[in-house]
Amino acid sequence: MGVDLRQVVAGILTITMFVMLGQMLHRDYFDSLQEKAQGDAQDIEFEGSKVSVKDGLVGTVEGSKGLWMEDNTDLTPCWPTLLSDDAVSSKGYVTFSLTNGPEYHISQITDAVMVAKHLGATLVLPDIRGSKPGDERNFEDIYDADKLIKSLENVVKVVKKLPEEVSLRNMAIVKVPTRVTEDYIKEHIDPIFKSKGNIRVASYFPSVNLRKSAQDGETDPVACLAMFGSLELQPEVNAVAESMVERLRTHSRKSGGRFIAVDLRIDILEKKNCHTTGVVGSKTCYNAQEIALFLRKLGFASDTTIYLTQPRWDSSLNILKDIFPKTFTKEAIMPASKRSKYLESVSSEYENVIDFYISSRSDVFVPAISGLFYANTVGKRIALGKPQVLVPAEISETSGLATDFISPYISKKNHLAYSCFC
């Protein structure tokens, strides 16, 4: 019995259509989850995306191995022209703490500045509290206090310490939803402030989604300044992080000094339980082997340099190093003279801010884990003109295009950062 060639072709086209449909469902699935998600960062999953090359959102670098994308230097801050010239008043104090790592610090700083500004209060520099009891640091240990005070001088008065005559014990603790608005402050916080005179704010996160929406309206320029123009590492920590970036670029001579940063932490992967979702190509998070295959199928060469946020090397990462030998964790690229202070400390805050710095400045960022680190890293990269963020997925074919996996925060330009840059 002969085989009808037209039937064979029709069968192949049918299979191809099912594969394409599966990939579209994967991306829509993550989009809907981000929209509905409420609660802790560990409950939030990725959203995927698909962008065609003709959209012009990214471009390839001539002569490179693998798909490296060009930086975008077209965006500039919008907020300087939008900030009001109102005089900075200083009645009462607003205090707060930074907790849970740099991805939370950005939002906590922004919320506190918004509250202080719209109450007409003085903001007190926060302390930094780690996840372990007694793990506390001064703001100046990690961040540049003078830079923050200077950047906010026309918006809100900032002092380094609370006056001795003001007691913390008498302060009302006010929980503030992240991305707090002026209307919320006037309705819910101002009455408490007027009654108590001083307050302590604590941000909570009903969602870690940083998408802008039509319901949000215009982003407050004060929030933009606080989020993208106030928080920088203090000089010594910045120098250590920058030296590590340069070390990675040295390892990447064959690719023009370019490298990939992957947010992959074993302890979080174990907690999240990276299970399939029932949608083709969709997972809640990705392990080392899956990241290695994802990058290889996209066409990144075996000599590509990769930085992992994993604190120390783990045997489960060996498969990634087998495929990409130039894969490093921080202990391999940090200057030896700095390791005792930054890697052997009881606190992990130094390591966390270094991870955020490197992930924000790598040539490509790949989040193996969803959550606020992913969302705020994307925001920082948009601010720096580095929109090269690839959201991983299982590629059923032997190869794929990197432009099919650009984060929708970038491809759809729906990240909050796009409200602050124009």
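Conventions we followed
- Residues numbered from 1 in each chain as written.
- Predicted model: local features only at pLDDT ≥ 70, side-chain atom pairs only at ≥ 80, totals over all residues.
- Heavy atoms only, no water.
- UniProt positions renumbered as here; feature names shortened; annotations may be inferred.
- Helix = DSSP H or I, 4+ residues; strand = E, 2+ residues; numbered from the N terminus.
- Polar contact = N/O pair within 3.5 Å; in protein donor to acceptor, adjacent residues only side chain to side chain.
- Pairing = 2+ DSSP bridges.
- Contact = heavy atoms within 4.5 Å.
- Axes fitted to C-alpha atoms, helices over the stretch in contact; angles between N-to-C directions.
- Right-handed = clockwise from strand over helix to strand, strands pointing away.
- pLDDT = per-residue confidence, 0-100.
- Expected span 1.5 Å × (residues − 1).
- Buried < 20%, exposed > 50% of the residue type's maximum accessible area, 1.4 Å probe, protein only.
- Salt bridge = Lys/Arg side-chain N within 4 Å of Asp/Glu carboxyl O.
- Phe/Tyr/Trp six-rings, centres within 6.5 Å; stacked < 30°, edge-to-face > 60°.
- Lys NZ or Arg CZ within 6 Å of the ring centre and 35° of its normal.

By the naming in an unreviewed UniProt entry, the chain is O-fucosyltransferase family protein, taken from Arabidopsis thaliana x Arabidopsis arenosa. Of the comments in the UniProt record for the chain, the one headed Sequence similarities (unreviewed entry) reads "Belongs to the glycosyltransferase GT106 family."

Is there a simple way to think about the side chain of Thr 327 in this case?
Examined against the element boundaries, Thr 327 turns out to sit in strand β11 (residues 327–328). A polar contact of 2.6 Å, which involves the side chain of Thr 327, links it to the backbone oxygen of Phe 324.

Would you explain the sheet that holds strand β6 (residues 158–159) in this entry?
Two pairing modes exist for strands in a sheet, parallel and antiparallel, and in both the strands are linked by backbone hydrogen bonds. With parallel pairing, five strands are arranged side by side in an open sheet as β6-β3-β1-β8-β7. Pairing within the sheet leaves two strands with one partner each, and these edge strands are β6 and β7 (172–177). Each of β1 (93–95), β3 (122–124), β7 and β8 (198–204) is contacted by helix α2 (residues 102–119), which is oriented at about 145° to β8, the strand it contacts most. Across the sheet, helix α5 (residues 182–196) is in contact with β1, β7 and β8; its angle to β7 comes to roughly 170°.

Sorry if this is basic, but what is going on with the pairing of β8 here?
On any regular strand, side chains alternate: one points to one face of the sheet, the next to the other face. Examined bridge by bridge, β1 and β8 share three bridges and lie parallel to one another. What sits directly across from Tyr 93, in β8, is Asn 198. As defined by bridge partners, β7 adjoins β8 across six bridges and the pair is classed as parallel. Counterpart to Val 176 in the pairing with β8 is Ser 203. In this region the chain leaves β7, passes through α5 and returns to the parallel neighbour β8; the handedness of that crossover is right-handed.

Honestly, the confidence of the model for the chain in this entry has me stumped. Any pointers?
Parts of the model with low pLDDT should not have their predicted coordinates read in detail. Across the chain, pLDDT averages 83, with 78% of residues at or above 70. Within the chain, the lowest mean pLDDT, 43, falls on helix α1 (residues 5–36), and the highest, 98, falls on strand β10 (residues 305–308). Note on residues 12–45: pLDDT under 50 across the span, and 66 contacts to partners over four residues away in sequence or across chains. Low pLDDT (under 50) marks residues 47–66, which in the prediction has 51 contacts with non-local residues, meaning those over four places away or in another chain.

Help me out: how do you make sense of helix α14 (residues 372–384) in this one?
Residues three or four positions apart in an α-helix share a direction because the helix packs 3.6 residues into each turn. Relative to the 18 Å expected for 13 residues at 1.5 Å per residue, α14 spans 18 Å between its end C-alpha atoms, a close match to the ideal helical length. Among the 13 residues that make up α14, 11 are buried, leaving the element largely enclosed by the rest of the structure. By the burial criterion, the buried members of α14 are Leu 372, Phe 373, Tyr 374, Ala 375, Asn 376, Thr 377, Val 378, Gly 379, Lys 380, Arg 381 and Ile 382. Residue Gly 385 follows α14 closely and has a positive phi angle near 75°.

Is there a simple way to think about the pattern of salt bridges in this case?
A side chain with one charge can pair with a side chain of the opposite charge if their charged atoms come near. Using the criterion set out here, one finds 12 salt bridges in the structure. Here Glu 236 makes a salt bridge to Lys 341, at a shortest N to O gap of 3.0 Å. Here Glu 236 is found in helix α7 (residues 235–250), whereas its partner Lys 341 is found in helix α12 (residues 339–342), with 105 residues between them in sequence. Given the relative accessible area of 35%, Lys 341 is considered partly exposed.

Can you help me understand the packing of aromatic side chains in this one?
Here a ring pair, both rings aromatic, is described through the centre-centre distance and the interplanar angle of the planes. Across all of its chains, the model carries 10 aromatic pairs by this definition. Centre to centre, the rings of Trp 68 and Phe 300 are 5.2 Å apart; their planes meet at 75°, and the pair counts as edge-to-face. Here Trp 68, found in the loop between α1 and β1, pairs with Phe 300, found in the loop between α9 (288–298) and β10; they are 232 residues apart in sequence, far enough to count as distant. Here Trp 68 falls in the buried class, since its relative accessible area comes to 0%. Classification of Phe 300 by relative accessible area gives buried; the value is 0%. Between Trp 79 and Phe 421, the ring centres sit 5.4 Å apart and the planes meet at 85°, which makes this aromatic pair edge-to-face. Placement of the pair is Trp 79 in the loop between α1 and β1 and Phe 421 in the segment after α15 (408–411), with a sequence separation of 342 residues. Grouping aromatic residues by their ring pairs yields a cluster made of Trp 79, Phe 228 and Phe 421. Seen from the ring of Phe 373, Arg 265 lies directly overhead, with NZ or CZ sitting 5.1 Å from the centre. The side chain of Arg 361 reaches across the aromatic face of Tyr 357, ending 3.8 Å from its centre.

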